[in-house]
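# Observations on the model geometry
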Amino acid sequence: MANLPAQHTIIVGTYTNSKKCTSGGIYIFDFDENTYKYNLKFHTENIINPSFISLSPDKKHLYSVNENGDKSTVTSFSIDEQSGILIEKDQRKTEGEDPCFLISDEKNIIVANYSGGSINVFKRLDDGKLSDVVQNIKFEGAGFDMKRQDKSHVHQVQFSPDHQYVLATDLGLDKIYLFKYNKNGNQILEKINEFDTKKGSGPRHIAFNKTGNIIYLVQELSGDLSVLGFKNGKIELLQEETLLSRKVRFNFRAADIHLSDDEKFLYVTNRDDADDITTFEILTDGKVKKIQQIKTTGRNPRNFAISPNNKLVLIANQDTNRINIFSRDPASGELSSTKKSIPVCSPVNVIFYEKGK
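Let us look at the structure shown here. (Residues numbered from 1 in each chain as written. Predicted model: local features only at pLDDT ≥ 70, side-chain atom pairs only at ≥ 80, totals over all residues. Heavy atoms only, no water.)

## Things to note about the pattern of salt bridges
Applying the stated criterion to the full structure yields 17 salt bridges. Residue Lys198 pairs with Glu240 through a salt bridge whose shortest N-O separation is 3.5 Å. In this pair, Lys198 is assigned in the loop between β15 (189-196) and β16 (203-208) and Glu240 in strand β19 (residues 234-242), connecting sequence segments 42 residues apart. For Lys198, a relative accessible area of 43% puts it in the partly exposed group. The partly exposed category is assigned to Glu240, whose relative accessible area is 27%. (Salt bridge = Lys/Arg side-chain N within 4 Å of Asp/Glu carboxyl O. Helix = DSSP H or I, 4+ residues; strand = E, 2+ residues; numbered from the N terminus. Buried < 20%, exposed > 50% of the residue type's maximum accessible area, 1.4 Å probe, protein only.)

Set out below in structure tokens:
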């Protein structure tokens, strides 16, 4: 793989309701992958809790959730190609409380509402603006752990690599829902199947391999990593491993999951008393082997991003108000702390933005 330029842009989604610091919402930094130097280029103002952000496939628009109870919305921005700043285009109310994840293609924006236990679909208009909700899918029931699973909590939506399906994880009901994706249809999401995880496991985030036949699932409440086979809209369990490093009881909440670009390694963050990131080697059959577990040197690690050169991992530590920078050995997959960080109030989501790529 050819070396890419070291100069990058990173975009950070935050919580704006922190009592310990002040956040304007979404932050954009110039960042040098070689020196770890950063420069704040832009931040929004008065954007409420943009805790998850997502680029459109053409990289010309950015979408953010706005977690705000029954006043929750989704905001669309255009990205000015010259200055790189965000220009707010539109804001639409969700039909469900506390959206926490969203995906988009050239036609639709699909949103997971955590507290609402629902999925919303918005049409993406040519100018980057959004329609009102055109499809609202709500789930009913309760799970095993009544403290955390009192009702449905949809945590993520993801396209399958072939774009034929959308999968949604329900932390509250211990399920993964399978939808046929009809991009231009009246019924954009058509539920065709569901997969039950272990009771009380709390499925949170998934990552597909590029061929789309393997799904890696992190489960927030049980601290498990599940390897799942995927074929013709059906899921089967292949392997289950734990993120937990010791058998004594301690508090944890597993968080985010990403594959390296070469699909040789998988990384998973875990919060609370754990506050660590675990590295798994991907074996030839797609199953995993745990090879490293290290502290994120910050509190409450949420989402993280692997740099375009595959040399760094940037971890958003929400409670210590920093994005900590780890170096990554592409050959071994192992991480090590650079002891460098980027200060941001209550960071949750960090992505690399490469213009037009």
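## Things to note about the state of the cysteines
Here is the idea: a disulfide is a covalent bond, and it sits between the sulfur atoms of two cysteines. Inspection of every chain in the model, using the stated rule, returns one disulfide. Disulfide pairing places Cys21 opposite Cys345 at an S-S distance of 2.0 Å. The disulfide joining Cys21 to Cys345 has a torsion of about 80° about its S-S bond and is therefore right-handed. On the criterion of sequence distance, the pair formed by Cys21 in the loop between β1 (7-14) and β2 (27-32) and Cys345 in the loop between β27 (335-343) and β28 (347-353) is long-range, its members being 324 residues apart. Of all cysteine sulfurs, the one in Cys345 lies closest to Cys100, which takes part in no disulfide; the gap is 20 Å. (Disulfide = S-S within 2.5 Å.)

## Structural notes on the pairing of β19
Taken together, the eight bridges between strand β18 (residues 224-231) and β19 define a ladder with antiparallel strand orientation. Paired with Val227 across the bridge in β19 is Gln239. Between β18 and β19, which pair antiparallel in sequence order, lie two residues; one of them, Asn232, sits at a positive phi of approximately 50°. (Pairing = 2+ DSSP bridges.)

## Structural notes on the pairing of strand β5 (residues 61-66)
With respect to burial, β5 is a largely interior element, six of its six residues being buried. Burial along β5 is two-sided: His61, Tyr63 and Val65 facing one way and Leu62, Ser64 and Asn66 facing the other are all buried. In the sheet, strand β4 (residues 53-55) pairs with β5 via three bridges, with the strands oriented antiparallel. Note on β5: the bridge partner recorded for Leu55 is Leu62.

## Let's talk about the sheet that holds strand β7 (residues 86-93)
Spatial ordering of the open sheet is given by β4-β5-β6-β7, a layout of four strands whose pairing is antiparallel. The open sheet has two edge strands, β4 and β7, and neither has a second partner. Sheet twist, expressed as the average angle between the axes of neighbouring strands with direction ignored, equals 20°. (Axes fitted to C-alpha atoms, helices over the stretch in contact; angles between N-to-C directions.)

## Some thoughts on the side chain of Thr44
Looking at the element boundaries, Thr44 is found in the loop between β3 (38-43) and β4. Within the structure, Thr44 has its side chain in polar contact with the backbone oxygen of Gly24 (distance 3.1 Å). Within polar-contact distance, the side chain of Thr44 engages the backbone nitrogen of Ile26 at 2.8 Å. Those residues in contact with Thr44, other than ones at most four positions away along the chain, are Gly24, Gly25, Ile26, Phe77 and Leu86. (Polar contact = N/O pair within 3.5 Å; in protein donor to acceptor, adjacent residues only side chain to side chain. Contact = heavy atoms within 4.5 Å.)

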